[in-house]
Amino acid sequence: MIRQENIDIRKYTTFNVPAICDFFVEVSNLNELKEALDFSKNKNIPVLFIGGGSNILFIKPFHGLVIKVNLKGIEEKIDEDDKHILITAKAGENWDAFVHYCTSRNYGGLENLSLIPGNVGTSPIQNIGAYGAEMKDTFHQLKALNISTYEIEVFDAESCKFGYRDSYFKNEGKNKYVIIEVTFKLTTKKHNLKISYGDIKEELLKKEIYEPTLANIRNQVIEIRKRKLPDPAIMGNAGSFFKNPIISIAHLENIQKKYPEIPYYKISNQLVKLPAAWLIEFAGWKGKKKGNVGVHKNQSLVLVNLGDANGKEIYDLSKSIIEDVNKIFNIQLEREVNIIL
């Protein structure tokens, strides 16, 4: 384990903006992880954990220790019935590579989450989701290292307190644990395919695929995402920058008086979810450029680094978008991305 000092770790992030930290280390096992934590405690400095670096934006240098979690490994265990299998992946496994591993073995449940950037260990923190599916739908349990005691604790779905792009680890558990592995319960037969969300079903029918396989769905999701979303290796971005807002039906009815065309998805008798992309596009931001940053021309949820941007430029752009949407709809958009101030 090599510890580096005063370096720019932008290559470990997807926004490709300056990301300076006082100390940086990569850990590949629990002993190295504990050693790194010991160092931070002896120095009395804060710790920041990163996985794939796809959900983070540095505004200022981080005066502490950044730990990149590279724990690797995948294990399979047959469940009690013959319809499911338990798959455990270490935190450092690439998320999309893990989804491919599962679908290629005909293990169902993760195919709609294909091509989401990041690593397995960060997927429960955000409760990642796409195309009508969320990570929590197939989640079984996870193991996390208690940063204070170094004990490994097991969390089931209930203790993770999953919500929309939310979990215990973003709230009460923030900075208290580091996730080391995640276990999913996937189907081995009679898969519950989700193809009605977005363009999936329509695109499959165009290809005359009437009884899609897991691989068909994965390939279609990848195709759609590549068409709509920029490749971070070419244009720095963090995927969806904003959450879809959830508002009361009363609030919606107020908005509809002026904007009856506003789309929404009912999630309960009291609440609806609005597509943030539509709100941002309506506010005139889709495809708009502002200096070194902009809003992607194909997906208004995605803020992009057009060249030599810094984190503050991207943050300021997001602030302007939030202000404009709020002025029009009286809705306060929330950022999905973890901002390092």
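Scroll up to find the structure this text is about.
Residues numbered from 1 in each chain as written. Predicted model: local features only at pLDDT ≥ 70, side-chain atom pairs only at ≥ 80, totals over all residues. Heavy atoms only, no water.

Account for unusual backbone geometry, naming residues and giving values.
The residue Asn-16 is not glycine, and still its phi comes out positive at about 55 degrees. Residue position: Asn-16 is located in the loop between β1 (4-8) and β2 (20-27). In this model, Asn-175 sits at a positive phi of 70 degrees, which is unusual for a non-glycine residue. Along the chain, the position of Asn-175 falls in the loop between α4 (157-160) and β12 (177-187). Under the relative-accessibility criterion, Asn-175 is labelled exposed at 59%. (Helix = DSSP H or I, 4+ residues; strand = E, 2+ residues; numbered from the N terminus. Buried < 20%, exposed > 50% of the residue type's maximum accessible area, 1.4 Å probe, protein only.)

Got a sec to walk through the side chain of Arg-165? Specific residues and values, please.
With respect to the secondary-structure elements, Arg-165 resides in the loop between α4 and β12. The exposure class assigned to Arg-165 is buried, which follows from its relative accessible area of 12%. For Arg-165, the side chain forms a polar contact with the main-chain oxygen of Asn-127, separated by 3.4 Å. A distance of 3.4 Å separates the side chain of Arg-165 from the side chain of Glu-134, its partner in a polar contact. Other than its neighbours up to four places away in sequence, Arg-165 contacts Gln-126, Asn-127, Ile-128, Gly-129, Ala-130, Glu-134, Lys-170, Lys-243 and Glu-336. (Polar contact = N/O pair within 3.5 Å; in protein donor to acceptor, adjacent residues only side chain to side chain. Contact = heavy atoms within 4.5 Å.)

Describe in detail the sheet that holds strand β11 (residues 152-156), supporting the description with residues and values.
The antiparallel open sheet is built from five strands, whose spatial order is β6-β7-β12-β10-β11. Edge positions in the sheet fall to β6 (74-78) and β11, since each of these pairs with one other strand and no more. Sheet twist, expressed as the average angle between the axes of neighbouring strands with direction ignored, equals 20 degrees. (Pairing = 2+ DSSP bridges. Axes fitted to C-alpha atoms, helices over the stretch in contact; angles between N-to-C directions.)

An account of the packing of aromatic side chains is needed here, citing residue identities and associated values.
Following the criterion strictly, the structure yields 20 aromatic pairs and no others. Taking 5.0 Å as the distance between ring centres and 80 degrees as the angle between the ring planes, the aromatic pair formed by Phe-139 and Phe-162 counts as edge-to-face. Taken together, the residues span a long stretch of sequence, with Phe-139 in strand β10 (residues 139-146) and Phe-162 in the loop between α4 and β12 at a distance of 23 residues. Per residue, the accessibility class of Phe-139 equals that of Phe-162, and both read buried. Aromatic pair Trp-278 and Phe-282: ring centres 5.1 Å apart, planes at 25 degrees, arrangement stacked. You can see Trp-278 and its partner Phe-282 sitting in helix α8 (residues 276-282), four residues apart, about one turn around the helix. Taken together through their ring pairs, the aromatic side chains of Phe-155, Tyr-168, Phe-169 and Tyr-177 make up a single cluster. Seen from the ring of Trp-285, Lys-288 lies directly overhead, with NZ or CZ sitting 4.4 Å from the centre. (Phe/Tyr/Trp six-rings, centres within 6.5 Å; stacked < 30°, edge-to-face > 60°. Lys NZ or Arg CZ within 6 Å of the ring centre and 35° of its normal.)

For the sheet that holds strand β15 (residues 265-266), give the residues involved together with the corresponding values.
Here three strands make up an open sheet; going across it, the order is β14-β16-β15 and the pairing antiparallel. A strand with exactly one partner marks an edge of an open sheet, and here the two such strands are β14 (246-248) and β15. Bridge count between β14 and strand β16 (residues 271-273): three bridges; the pairing is antiparallel. Looking at the pairing, Ser-248 lines up with Leu-271 of β16. Its contacts with the sheet place helix α7 (residues 249-258) against β14, β15 and β16, and it is angled at close to 85 degrees to β14.

Can you explain the nonpolar core? Please cite residues and give values.
In terms of nonpolar packing, the biggest core is built from 36 residues, with Trp-95, Phe-98, Leu-110, Leu-142 and Phe-184 touching the most fellow members. Mapped by element, the contributors of at least two residues to this core are β7 (84-90), α2 (95-104), β10, β12, α5 (200-206) and α6 (214-228). Beyond its immediate chain neighbours, meaning those up to four positions away, Leu-110 contacts Trp-95, Phe-98, Val-99, Cys-102, Thr-138, Phe-184 and Leu-186. Formed by 35 residues, the second largest nonpolar core is a distinct cluster that contains Phe-241, Ile-255, Ile-314 and Ile-321. (Core = buried A, V, L, I, M, F, W, Y, C linked by side-chain atoms within 4.5 Å.)

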